[in-house]
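Okay, here's what each chain looks like letter by letter:
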Amino acid sequence: MSARLFISRDSGALAVGAEEVAQAITASAGRRGLDIQIVRTGSRGLYWLEPTIEVETPEGRIAYGPVAAGDVEGLIDADLLTGGAHALRVGRPEQIPFLKRQTRLTFARCGITDPLSIEDYRAHGGFQGLEKALRLTAPQIVDEVTQSGLRGRGGAGFPTGIKWKTVLDAVGDRKYIVCNADEGDSGTFADRMILEGDPFLLIEGMIIAGIATGATKGFIYIRSEYPHGIATTRDAIEIARKAGYLGASVHGSGHAFDLEVRAGAGAYVCGEETSLLESLEGKRGVVRAKPPLPAHKGLFGCPTVINNVLSLAAVPTVMAQGAAFYKDFGVGRSRGTMPIQLAGNIKHGGLFEAAFGITLGELVDEIGGGTASGRPVRAVQVGGPLGAYFPRALFDTPFDYEAFAARDGLIGHAGVTVFDETVDMRVQARFAMEFCAIESCGKCTPCRIGSTRGVEVIDKIGRGEAVEANLTLVKDLCNTMKFGSLCALGGFTPYPVMSAINHFPEDFGPNESGRQAAE
Amino acid sequence: MAYEAWNEARAREIVAAHQMQEGPALPILHALQEAFGSVPDPALRIVAEALNISRAEIHGIVTFYHDFRHEPAGRHVLKLCRAEACQSVGADRLAAHARERLGIGWGETTPDGAVTLEPIFCLGLCALGPSALADGQVVGRLDEKRLDAMIDGIRR
């Protein structure tokens, strides 16, 4: 019997040499006449251990990592194929504390299965949600999603079931399901991991959304910065179509539903839902004023569900296990699990799916293990480029939509980016303004022009020019941007800027050594 | 990367192949750039005509998106991530090193036409920074030494 090995094909693993490792194993096994089979999986999301090799043994899978191609001969000499001892052996992945502490619902299969094997998907519980949905009426599906308490995982946190009900009730010749896979926030990669590591899950969620709302066509808008995500999702759609899950009669149900992947073109603002719809229509990605809501007049003027990858990917679990099961996780009005992404200068970076309620301090210090550099953590940006910077003093904040809002922050798409003590928060505030200036769609003046003025004024502060007066000006500018912009780009850029000023005032002192002087 | 030389008949063929899709503009522009390495003015005239929109409109669309090039890039394209997660592990320092080593700024191409250096805002490799996209290949845990080796490899 051949030995089964598992190596990720996730771009995170490929970026650090997984392909070279897989080739080295194949070559070595060939030379030695060993009978092996390498399964290319998604990533478990324990990125500090990538490239990881897992081998199937009678006790379960045994992992080795991080492996370099040059380690392969030594590993095979040490009986890698039967789980032998080696310095890189980390044991059973499920027993690694980072994974053991998680509640993996959405990411239950990611890193375990071959993302393009529909048999593997089915064998690991795939399509059970769809089969349940096919036994229900559309309003019953919508009701189940509503009861689960699932809220939009893209950042806005709008209840998914209510959005679906609006589209179900809307009258239209055509309706669309649009998946927002324009995951542009730095510090986030959960959507990418699903697109590359478990695309059938997203496809299943979108089919259910189609059946629930009467939509027959879906688009997955994936950013061009994710070439592997685009390729894998396109392949998965082709496979699902051949298997009868997409097309004129989904799984023999008589419901028509089909999917198409569209690639973005490098515009961050297209992650905003109305801008994304404009882009899908082939226009400049300029934000639309609401109302009308996309649920009433969305893509090509038709009723449209537009949901984030993680919202749609949570739906099969909700349907298969029931709303009550899902709702049982979490706290307050934040129900279920959230795939949190630990990023930046962090020792154990990766995907951590957990019920809402875990504190920021637990995430950064205990699970993440502090910084990769070994220096003290100084600031943590939560929620991407539009999220606030939190100091250690706020590490007791529980991961929950309302708790972060109460502290002038947001969880956004749940990216947690860690910075050590070498960070200069004035530079970070300046970057937030610069990024807004680069990516603004130009529709709203406070965002289009305010961001450029923001960079200039923060530079003046850096040069020590009229610091107090210029700080007042930045605060006033932030206020104007916050209330005078249509979407979150102009409206939320003030979060990183104001949090940097409020929590780290020593970096905005009259001279550049202000922080050192304060310490 | 080897691209096709500009050819109007070929451009028309590409436009026709994507024209019947819903919202065809971006798929057409991507396909044109994939074939020719950029979307030159003569191509825009063909797209405007095919989609029955004005040349001003297609100009507005193509210039809105950072991905589309008016001129072809150098023979190799190095995109370095400039976003926060990579900043936290030294992306700014690495980018300064790259600019100095190549002798060019963001968006520029070396005089020998070998390398174009561009910023990219997040590749979703935020736990593996600093990251880059080198001729379409994802690269993580990049440092000065590996960057120099990549540049030397390209130049050789």
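Residues numbered from 1 in each chain as written. Chains lettered and ligands numbered in written order. Predicted model: local features only at pLDDT ≥ 70, side-chain atom pairs only at ≥ 80, totals over all residues. Heavy atoms only, no water.

Caption draft 1: Broad picture of empty space enclosed by the protein. Residues and elements named next belong to chain A. Within this structure, the stated rule accounts for 6 cavities of 30 Å³ or more. Taken as a whole, the largest cavity holds about 160 Å³ of empty space. Lining the largest cavity we find 18 residues, and of these Arg-44, Glu-50, Thr-52, Glu-54 and Gly-111 sit closest to its centre. Per element, the largest residue contribution to the lining of the largest cavity is 3 residues, and it comes from strand β1 (residues 3-8). (1 Å grid on protein atoms, 1.4 Å probe; cavity = no way out; pocket = protein on both sides within 12 Å on 5 of 7 lines; lining within 4 Å. Points joined across faces, edges and corners; volume = space filled by probe spheres on them. Helix = DSSP H or I, 4+ residues; strand = E, 2+ residues; numbered from the N terminus.)

Caption draft 2: Quick peek at the domain arrangement of chain B. Entries for chain B in the domain assignment read domain 1 (8-64) and domain 2 (76-155). Here the C-alpha centroids of domain 1 of chain B and domain 2 of chain B sit 30 Å apart. (Domains from an automatic or database assignment.)

Caption draft 3: Geometry of the domain arrangement of chain A. All names here are of chain A. According to the domain assignment, chain A contains domain 1 (3-100), domain 2 (120-327), domain 3 (330-420) and domain 4 (425-518). Between the C-alpha centres of domain 3 and domain 4 there is a distance of 23 Å. Taken together, the contacts link 15 residues of domain 3 with 15 residues of domain 4. Taken over both partners, the interface formed by domain 3 and domain 4 buries close to 1,200 Å², and the fraction arising from carbon and sulfur atoms is 70%. Broken down residue by residue, the surface that domain 3 buries against domain 4 is led by Arg-378, Leu-386 and Tyr-389, which jointly contribute 56%. In this assembly, domain 3 and domain 4 are joined by 2 salt bridges. At the junction of domain 3 with domain 4, the criterion picks out 4 residue pairs in polar contact (both at pLDDT 80 or more). At the level of elements, β14 (377-382) and β15 (389-391) are the ones that each hand at least two residues to the side of domain 3 that touches domain 4. Looking at side-chain class alone, the side of domain 3 that touches domain 4 contains 10 nonpolar, 3 polar and 2 charged residues. (Contact = heavy atoms within 4.5 Å. Buried area = accessible area lost by both parts, 1.4 Å probe. Salt bridge = Lys/Arg side-chain N within 4 Å of Asp/Glu carboxyl O. Polar contact = N/O pair within 3.5 Å; in protein donor to acceptor, adjacent residues only side chain to side chain. Nonpolar A, V, L, I, M, F, W, Y, C, P; charged D, E, K, R; others polar.)

Caption draft 4: Structural view of the pattern of salt bridges. Residue and element names in this part refer to chain A. Inspection of the entire model under this criterion finds 48 salt bridges over all chains. Between Arg-101 and Glu-366 there is a salt bridge whose closest N-O contact spans 3.1 Å. Separated by 265 residues along the polypeptide, Arg-101 in the loop between α4 (97-100) and α5 (118-123) and Glu-366 in helix α15 (residues 360-367) bring together distant segments of the chain. Arg-101 sits in the partly exposed class, given a relative accessible area of 39%. For the salt bridge of Glu-421 with Arg-375, the shortest nitrogen-to-oxygen distance reads 3.1 Å. Remark: Arg-375 occurs in the loop between α15 and β14 and Glu-421 occurs in the loop between β16 (415-420) and α17 (425-439); sequence separation between them is 46 residues. Residue Arg-375 is classed as partly exposed on the basis of its relative accessible area, which comes to 41%. (Buried < 20%, exposed > 50% of the residue type's maximum accessible area, 1.4 Å probe, protein only.)

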